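Spelled out from the first residue to the last, the chains are:
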Amino acid sequence: MTTQVQLFINGEFVHSKSEKFIPVTNPATQEVIAQVPCTTPDEMEHAIRSAKEAFLSWKETPVSERARLMMRFAALLKEHQADIADIICRELGKTVEDAKGDVWRGIEVVEQAANIPSLMMGETVENVARSIDTYSYIQPLGVCAGITPFNFPAMIPLWMFPMAIACGNTFVLKPSEQDPMTVNRIAELFAEAGAPKGVLQVVHGNKEQVDVLLHHKDIKAISFVGSVNVGQYIYKTGTDNLKRVQAFAGAKNHMVIMPDANKNQVVNALVGASVGAAGQRCMAISVAVFVGAAAEWIPDVAAAIGKVRPGVYTDPNAAYGPQISPQARARVLSLIEQGKKEGATCLLDGSGIVVDGYPNGNWVGPTVFSNVTTDMAIYKEEIFGPVLNTMTVNSLDEAIALVNASPFGNGTAIFTASGHAARKYQHEVEVGQVGINIPIPVPLPFFSFTGWKGSFYGDQHAYGKQAVRFYTETKTITARWFEDDMAATGPNMSINLR
Ligand code: NAD
């Protein structure tokens, strides 16, 4: 019998009473490794009610205690990094090194959440008017919810609930139904770290369960990471229901290569950033824009990418794993075919790749196109597979115009030896995260993850100071204490403070 993934409600792991289940498969073999339940309406209600009740005492828990919970949690995550990574390998197929990185980038956010006392400091001004002081406090919102994608099953949930809970909120998390077991292990460690009952709940399922969160009156804020269409739906529906929403969506990230860049660095960066993690990263480089003479390097880039092979996580030579599902693989393959039909040159075609011993895996080999134009589907759509488009332009200005015309704005990079070119690029490009000789510039959590344009809907971003603003309200107090003998001055009929 396959394992049934449990719900985590009010501090307990419980089997759902649902009759609807979604199979969780090993993407390298199609073996069903678990069944994830579609949480019932009653169970959803129970989870939200438990979070609402837990909020009453959790918001009164001293901030230093909340910080200590995060310190213990970070320590447990470090101790169990390898076993969490092992779950990621089994349900998502990432290589061991990449899966450990997934956990590590999440641990860094938990470490940041342990700094919550200083992050929650308000502001004070003495004597804003005679004998009147103004000061502000930052207070939690209540029950917050998170909806996460399949591609970083540890890191992205950890972007959300540790910061929200450290701020004094309670949380309901709905992870991806495609790899739900990683979050359950993380929730187990959170409980072991001493999280009180009801502070975190994990519910499973898909659209139906998300819709409950989007419409429930007791959910105050929604954090979402996932694809463009769903992100827009979440933002529109959540805000329509008067909730605070941050929705991180899809991307198409460009790397600009100047002719003065170091060629070996460019080639290495492009191999890892384009096909690493099977291209299933929202910050993957999917378009390489070669400026002027740098275009001569395109064949070398294709040759270097051609040397890497996908494989199973137990194979130390595998550079990356399979696509998450047969549907995801079919979509990538059909976009590759469309690219060929629309006139792009396929320099390296990974559609027919075979991985020995794993004939049923969702494999796509590394693929590189040249002569790509902006009207082609391979340029316009997020492929989310190991496919790199290469393009050529004559100048940095042309490269910037190309990148700025894209509807997305998650990440970008420039490779150059020129400080002037780098500064011009960082200043003029309309993208929220810029790497200078860094291909995947995901900021560490004392900054925030600041995607722009069609890659983000909302105002405050994930982690860092912006997450604290997202998960809290500011309360501003204006106070006067009368001296006993203060003369009464009569009523103040104006709005002025005096
Ligand atoms: P997805 O949008 O299919 O699913 C994300 C979550 O939304 C899942 O929990 C899923 O159950 C839920 N969901 C799916 N369809 C829904 C619907 N119709 N209504 C309500 N909820 C629904 O995304 P995915 O395939 O799991 O993840 C890949 C996508 O995530 C890519 O587009 C990638 O770029 C994006 N992503 C973005 C970032 C970022 O920071 N911008 C980071 C990681 C991934």
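Above this text sits the structure in question.
For the structure given in this document, a descriptive report is provided here.

Definitions and limits used
Residues numbered from 1 in each chain as written. Predicted model: local features only at pLDDT ≥ 70, side-chain atom pairs only at ≥ 80, totals over all residues. Heavy atoms only, no water. Helix = DSSP H or I, 4+ residues; strand = E, 2+ residues; numbered from the N terminus. Rg over C-alpha atoms; globule rule 2.2 N^0.38 Å. Buried < 20%, exposed > 50% of the residue type's maximum accessible area, 1.4 Å probe, protein only. Contact = heavy atoms within 4.5 Å. Areas by Shrake-Rupley, 256 points an atom, 1.4 Å probe, with all protein chains shown as cover. Lys, Arg positive; Asp, Glu negative; His and termini not counted. Charge placed at Lys NZ, Arg CZ, Asp CG, Glu CD. Axes fitted to C-alpha atoms, helices over the stretch in contact; angles between N-to-C directions. Parallel < 35°, antiparallel > 145°, perpendicular 65-115°, else oblique. Left-handed = near helix turned anticlockwise from the far one by under 90°. Nonpolar A, V, L, I, M, F, W, Y, C, P; charged D, E, K, R; others polar. Expected span 1.5 Å × (residues − 1). Patch = residues over 30% accessible without salt bridge, like charges linked within 9 Å, V, L, I, M, F, W, Y side chains within 5 Å. Salt bridge = Lys/Arg side-chain N within 4 Å of Asp/Glu carboxyl O. Pairing = 2+ DSSP bridges. Near = heavy atom within 4 Å. Polar contact = N/O pair within 3.5 Å; in protein donor to acceptor, adjacent residues only side chain to side chain. Core = buried A, V, L, I, M, F, W, Y, C linked by side-chain atoms within 4.5 Å.

A separate point is the overall build of the chain. The helix and strand tally for the chain stands at 16 helices and 23 strands. Rg of the C-alpha trace for the chain: 25 Å, near the compact-globule value of 23 Å for 498 residues, within the 12% margin. Along the first, second and third principal axes, the C-alpha atoms of the chain reach 85 × 60 × 40 Å. Burial analysis of the chain (498 residues in total) assigns 57% to the buried set. Across the chain, the fraction of contacts at a sequence separation of at least 24, relative to all contacts at a separation of at least 6, is 72%. With the model as given, the accessible surface of the chain reaches about 21400 Å², and the carbon-plus-sulfur share is 52%. One way to put it: in the chain the 41 positive side-chain charges average out to a point 2 Å from where the 49 negative ones average out.

Take the packing of helix α6 (residues 155-166) against helix α7 (residues 181-192) next. The relative placement of two packed helices comes down to the angle between their axes together with the axis-to-axis distance. Where α6 contacts α7, the two axes come as close as 12 Å, and the packing angle between them is 25°. Judged on the interaxial angle alone, α7 and α6 are roughly parallel. In terms of crossing hand, the pair formed by α6 and α7 is right-handed. Along the contact surface, α6 presents P157, L158, F161 and I165, while α7 presents V183, I186 and F190. Of the residues assigned to the contact of α6 with α7, the class counts are 7 nonpolar, no polar and no charged.

Across its 12 residues, α6 extends 17 Å between first and last C-alpha, which sits within 8% of the 16 Å expected from 1.5 Å per residue. The buried fraction of α6 is high, at 12 of 12 residues. The set of residues buried in α6 consists of M155, I156, P157, L158, W159, M160, F161, P162, M163, A164, I165 and A166. Where α6 ends, the next residue or the one after it, G168, has phi of about 105°, a positive value.

A contiguous nonpolar surface patch, about 250 Å² in accessible area, is contributed by V125, V128 and L497. Along the chain, the position of V128 falls in strand β6 (residues 124-129).

Taken as a whole and assessed by the stated rule, the structure comprises 21 salt bridges. For K59, the salt bridge goes to E60, with nearest N and O atoms at 3.4 Å. For E60, a relative accessible area of 56% translates into the label exposed. The residue E177 makes a salt bridge to K174 at a minimum N-O spacing of 3.5 Å. The structure contains a network of salt bridges with shared partners spanning K52, K217 and D218.

Take the sheet that holds β6 next. Pairing is antiparallel across the open sheet formed by 3 strands, whose spatial order is β6-β7-β23. Edge positions in the sheet fall to β6 and β23 (472-480), since each of these pairs with one other strand and no more. With direction set aside, neighbouring strand axes in the sheet form an average angle of 30°. Pairing of β6 with strand β7 (residues 132-140) involves 3 bridges; the strand directions are antiparallel.

It is worth spelling out the site of the ligand at this point. In the neighbourhood of the ligand, 29 residues make up the surrounding shell, with K174, E177, S227, A249 and E382 lying closest. Between an oxygen atom of the ligand and a main-chain N or O atom of T148, the distance comes to 2.8 Å. Here F150 contributes a backbone N or O atom positioned 3.1 Å from an oxygen atom of the ligand. Notes on the ligand: free accessible area 840 Å², of which the protein chains cover 88%. Those elements that provide at least two residues to the shell around the ligand are α6, α8 (207-215), β11 (219-225) and α9 (228-240).

To continue, consider helix α2 (residues 63-79). With 17 residues, α2 extends 25 Å from end C-alpha to end C-alpha; this agrees with the ideal 24 Å at 1.5 Å per step. Of the residues making up α2, those classed as buried are R66, A67, L69, M70, F73, A74, L76 and L77. Against α1 (41-58), α3 (81-92), α4 (96-113), α5 (116-119), α6 and α7 lie the buried residues of α2.

Let us look at unusual backbone geometry. With a phi angle near 50°, N10 is a residue other than glycine that sits in the positive phi range. Looking at the element boundaries, N10 is found in the loop between β2 (7-9) and β3 (12-14). We note that S131 has phi near 65°; this positive angle belongs to a residue other than glycine. For S131, the position within the fold is in the loop between β6 and β7.

The next subject is the nonpolar core. Core analysis: the biggest nonpolar cluster contains 67 residues, and M70, F73, W159, F161, F171, F190 and Y471 have the highest contact counts within it. In terms of residues, this core owes the most to one element, α6, which gives 10 residues. Every residue in contact with Y471, bar those within four places of it in the chain, is listed here: P140, L141, C144, M160, M163, A164, C167, N169, F171, S223, R244 and Q246. Within the second largest apolar cluster, 31 residues are counted, among which are L335, I336, M376 and A421.

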